[in-house]
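The chain contents come next:
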Amino acid sequence: MVQIANIIVLIDSVASLFFFLAFILSFRNYNKTMDKSNLWLIISTIFIFTFIVSISNILEWAEITSALDPAEDFINIIVVVVWVYTWYQLK
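Residues numbered from 1 in each chain as written. Predicted model: local features only at pLDDT ≥ 70, side-chain atom pairs only at ≥ 80, totals over all residues. Heavy atoms only, no water.

**Student:** Explanation requested: the overall build of the protein chain in the structure shown.
**Tutor:** The helix and strand inventory of the protein chain stands at four helices and zero strands. Relative to its full complement of 91 residues, the protein chain shows a buried share of 23%. For the protein chain, the share of sequence-separated contacts (at least 6 apart) that also reach a separation of at least 24 residues comes to 67%. Counting every atom, the protein chain has about 6700 Å² of accessible surface; 72% of that belongs to carbon and sulfur. (Helix = DSSP H or I, 4+ residues; strand = E, 2+ residues; numbered from the N terminus. Buried < 20%, exposed > 50% of the residue type's maximum accessible area, 1.4 Å probe, protein only. Contact = heavy atoms within 4.5 Å. Areas by Shrake-Rupley, 256 points an atom, 1.4 Å probe, with all protein chains shown as cover.)

Structure follows, in C-alpha cells:
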C-alpha cells in the first residue's frame, strides 16, 4: 500500500518541476513580452519563492529534514504580500 507521504512528495516534486519550468520560460521570454517595468522581476520572485516552498515540502514529507519549515512559513506570508503588490502594480 502506498503511503500518503509518498504521494505528497510526488505531487510536490511535480509542482517544483513546473515552478522551475515557469521561471525558465518567463526568463526566456523576458525580452520578447515584458516591457521595461519590474513586473518580470516580481513574477520571477513569486516563482522562486514558491519553488523554495515546494522543495521544503519535499524535504519535510520525505522525512529528510524539517529545518526549513520556519522559513517556509515566512515565505508563504511574503508570497501573499508580493501577489497583492503585483495586483496593485497591474491596476
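**Student:** Can you walk me through a nonpolar patch on the surface in this structure?
**Tutor:** A grouping of Leu10, Val14, Leu17, Phe18, Phe20, Leu21 and Ile24 is seen on the molecular surface, where their side chains present a nonpolar patch of about 640 Å² in accessible area. In this fold, Phe20 is placed in helix 1 (residues 4-28). (Patch = residues over 30% accessible without salt bridge, like charges linked within 9 Å, V, L, I, M, F, W, Y side chains within 5 Å. Salt bridge = Lys/Arg side-chain N within 4 Å of Asp/Glu carboxyl O.)

**Student:** Honestly, the side chain of Ser54 in this entry has me stumped. Any pointers?
**Tutor:** For Ser54, the position within the fold is in helix 3 (residues 39-61). A residue is classified by how much of its surface remains accessible, and Ser54, at 5% relative accessible area, is buried. The residues touching Ser54, leaving out its near neighbours within four places in the chain, are Asp12, Ala15, Ser16 and Phe19.

**Student:** Would you explain the environment of Ser16 in this entry?
**Tutor:** Examined against the element boundaries, Ser16 turns out to sit in helix 1. Not counting residues within four places of it along the chain, the set of residues in contact with Ser16 comprises Phe51, Ser54, Ile55 and Ile58.

**Student:** Can you walk me through the confidence of the model for the protein chain in this structure?
**Tutor:** Should the pLDDT be low somewhere, the predicted coordinates at that spot are not to be read in detail. Counting all residues, the mean pLDDT for the protein chain is 83, and 88% of those residues have values of 70 or more. Between the elements of the protein chain, mean pLDDT differs from a low of 62, seen in helix 2 (residues 30-33), to a high of 88, seen in helix 4 (residues 69-90). (pLDDT = per-residue confidence, 0-100.)

**Student:** Teacher, can you tell me more about the packing of aromatic side chains here?
**Tutor:** Under the counting rule described, the total for this entry stands at two aromatic pairs. Here the aromatic rings of Trp83 and Trp87 are separated by 6.1 Å at their centres, their planes lie at 35°, and the arrangement is tilted. With a gap of four residues between them, Trp83 and Trp87 both fall in helix 4, about one helical turn apart. Given a relative accessible area of 37%, Trp83 falls into the partly exposed group. (Phe/Tyr/Trp six-rings, centres within 6.5 Å; stacked < 30°, edge-to-face > 60°.)

**Student:** Help me understand helix 3, please; the structure alone is not making it clear to me.
**Tutor:** Two residues of an α-helix separated by three or four positions point the same way, owing to the 3.6 residues in each turn. Here helix 3 contains 23 residues, and its C-alpha end-to-end distance of 33 Å stays within 8% of the 33 Å for a straight helix at 1.5 Å per residue. Turning to helix 3, its buried residues are Leu39, Trp40, Ile42, Ser44, Ile46, Thr50, Val53, Ser54, Ser56, Asn57 and Ile58. Once helix 3 ends, the next one or two residues include Glu63, with phi positive near 60°. (Expected span 1.5 Å × (residues − 1).)

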